[in-house]
Amino acid sequence: MKYIWALILVLGSVAANDQRGNYCERNETIRATVPVTKQRVIVKQPSKWKIWKKTEKITEDYVSEEEQVTHRLVRECCPGYLEVESGLCEPICTRGCPAHASCAAPDRCECISGYVSARNHQDGSHYCEPICQTPCPTGAQCVAPNTCACGDGYTQLQPTDDGVSGGCAPVCRVGDGCANGKCIDVDRCSCNSGYRWDKAEERCTELSAESISEELDTTEENTEVLSTSSTAAFTATHCPDDFVLFRGECREKQFASNEVGCLKSGCGPHQTCLDSGVCQCSDGYVPEESGDATGVLSCRRTLLDQILGLNEATDDEDELNPWTIPIIGVASGFLFVLLIVGLLGGRRYRQERAALANKEMECQYSQKTVDVDEWVP
C-alpha cells in the first residue's frame, strides 16, 4: 500500500511541475490615491492694538490625498496558454489538431496513445495513424489501435480453430469468379494447369496439346532468365528526442497545428494567406463579383491602381493592361489641346500688346500738339 501512495505522490508532483511550467510571472505596478492625515502649524499674529500679547501658534490636523505606488507579483498563463475552469493553463492550437491528436504545446499537436504521426503523401499534412502491435495479415489494414480490418477488394474469412477473426481473401469479379483458376489478388486470377488466361474473353480457357507444349517451353525459358536479387531498405535504429521510432522510421512526436485551407494548398494570384487558413486579396487588389457566385476568390486591381500604374504596361501574367492604351490616348489628346490653346492664347496676347502700344503712342502725339499750340503768339 505504501508503494502505491508513493507512486501517486510522484505522479502528482510530476504533473504539478508540468503545469507550473505553463505559468509566467511579472511585476505589476499599482498606483492609487489614498487619504493621508497630516498636521500643520498656524501662526496667529496679535492685534496691533494689543502689543502686550504674544504670537499664538495653533496645531491642527487636516486630510490630504497622496499617490501611493505599490508593486505586486502577478502569476498568469504564459502566451499561447489559456486558463480553464480547473485553474490550470492549457496550450492553445489556433488551427486545431487532426483526429486522435491533442494540443500538447501552443500550435503543436501530438497523437494520443495508440497512434503515431504520419504525413499525407498528396498534400504533406499530418494525421495520426493507429498502431497495431501485431502486423495485420495480407489484405488487411490497421484501422484502430491493435484492430485490423480487411481493405477494399478483400473479404473477411471465417476464423479457424480458436482464432478470434479470420484472414482476408481477395475478391475477383473477372473470369466468372476465376472459374478454372484461383484468385490470387484483387481481380487477378491464376489459371489451373491446362488452362490459360484469355485477355479477349477475360477468363481461363482450356489449352490444346500444342499450346501445352509451347507453354512448358516458355516456362522453362522464363525460369532460366529469373535471377534473385534483394535490396535491403534502410531502417532506423535510433531517433532524436523529438521523434519516435515506428517500423524502422523516425516519426515526429509533435507537429504543427493542422494546416488548413491555404496553409497547405496555397492561394491564387495576387492573394495572401492568413493565419486562419483563409485567402484574401493583396494590397491594391479587390475581389471580383463573379467570384462570389462560384465560391472561388478571384482578385483584380483597383481602378486607382490601374490608373496610377501606367508605368506597368503588363501585369504579372504579361497580359496588356486594358487601361494603358485608353489613358495614354486621353493624356496625349489633353496635352495636344493644351498646346493649341497655348499657341492661340500667345498669339492673342501679342496682338493685344501691339494694339495697346499703338494707342499709347497716339495719345502722346496728341498731347504734344496741344502744348505747342498754347505757346503760339
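In what follows, the accompanying structure is described. These figures come from a predicted structure and were not determined experimentally. (Residues numbered from 1 in each chain as written. Predicted model: local features only at pLDDT ≥ 70, side-chain atom pairs only at ≥ 80, totals over all residues. Heavy atoms only, no water.)

Things to note about the overall build of the chain
A count of helices and strands for the chain gives seven helices and 23 strands. Evaluated residue by residue, the chain yields a buried proportion of 16% over its 377 residues. When the accessible surface of the chain is totalled, it reaches about 29,500 Å², and 54% of it is carbon and sulfur. (Helix = DSSP H or I, 4+ residues; strand = E, 2+ residues; numbered from the N terminus. Buried < 20%, exposed > 50% of the residue type's maximum accessible area, 1.4 Å probe, protein only. Areas by Shrake-Rupley, 256 points an atom, 1.4 Å probe, with all protein chains shown as cover.)

Looking at the state of the cysteines
Applying the stated rule across the entire model yields 13 disulfides. Covalent S-S linkage joins Cys111 and Cys128, the inter-sulfur distance amounting to 2.2 Å. Handedness here is read from the sign of the S-S torsion; for Cys111 and Cys128, about -95 degrees, the answer is left-handed. With Cys111 in strand 6 (residues 108–111) and Cys128 in strand 8 (residues 126–130), this pair connects stretches of sequence that are 17 residues apart. The side chain of Cys178 participates in a disulfide bridge whose partner is Cys189; the two sulfur atoms lie 1.8 Å from each other. Handedness here is read from the sign of the S-S torsion; for Cys178 and Cys189, about -85 degrees, the answer is left-handed. Note that Cys178 is positioned in helix 2 (residues 175–178) and Cys189 in strand 14 (residues 188–191), a separation of 11 residues in sequence. Taken individually, Cys178 and Cys189 each receive the classification buried, so the pair is uniform in this respect. (Disulfide = S-S within 2.5 Å.)

Quick notes on the packing of aromatic side chains
Enumeration according to the criterion identifies zero aromatic pairs in this entry. For the cation-ring pair, Arg40 lies above Tyr62, with the distance from its terminal atom to the ring centre recorded as 4.5 Å. Positioned above the aromatic ring of Tyr23 is the side chain of Arg75, whose terminal nitrogen or guanidinium carbon lies 4.0 Å from the ring centre. (Phe/Tyr/Trp six-rings, centres within 6.5 Å; stacked < 30°, edge-to-face > 60°. Lys NZ or Arg CZ within 6 Å of the ring centre and 35° of its normal.)

Here's the deal with the side chain of His270
Mapping His270 onto the fold places it in the loop between helix 4 (262–265) and strand 20 (271–273). Within the local environment of His270, its side chain forms a polar contact with the side chain of Tyr285, the two groups lying 3.3 Å apart. (Polar contact = N/O pair within 3.5 Å; in protein donor to acceptor, adjacent residues only side chain to side chain.)

Comments concerning the sheet that holds strand 6
Taken in spatial order, the three strands of this open sheet run 5-6-19, and their pairing is antiparallel. In this open sheet, the two strands that pair with only one neighbour each are strand 5 (101–105) and strand 19 (254–256). On average, each strand axis in the sheet is inclined to that of its neighbour by 45 degrees, with strand direction left out of account. (Pairing = 2+ DSSP bridges. Axes fitted to C-alpha atoms, helices over the stretch in contact; angles between N-to-C directions.)

Digging into unusual backbone geometry
At Cys178, a residue that is not glycine, the phi angle is positive and equals roughly 60 degrees. Of note, Arg247 is a non-glycine position whose phi angle comes to about 55 degrees, a positive value. As for its position among the elements, Arg247 is in the loop between strand 17 (243–246) and strand 18 (249–252).

Considering the environment of Asn192
With respect to the helices, strands and loops of the structure, Asn192 is situated in the loop between strand 14 and strand 15 (195–198). Sequence separation between Asn192 and Lys182 is 10 residues, and the spatial gap between their C-alpha atoms is 7.3 Å. Excluding residues that lie within four positions of it along the chain, Asn192 makes contacts with Asn180, Gly181 and Lys182. (Contact = heavy atoms within 4.5 Å.)

Focus: the nonpolar core
Generally speaking, a soluble globular protein has its nonpolar side chains buried in company with each other. With seven residues, the main nonpolar core is built from Cys93, Ala101, Cys109, Cys111, Tyr115, Cys128 and Phe255. Non-local contacts of Phe255, meaning those with residues more than four positions away in its chain, are made with Pro98, Ala101, Asp107, Arg108, Cys109, Cys111, Ser117, His126 and Cys128. In terms of nonpolar packing, the next biggest core, distinct from the first, is built from five residues, Tyr23, Cys77, Cys78 and Cys89 among them. (Core = buried A, V, L, I, M, F, W, Y, C linked by side-chain atoms within 4.5 Å.)

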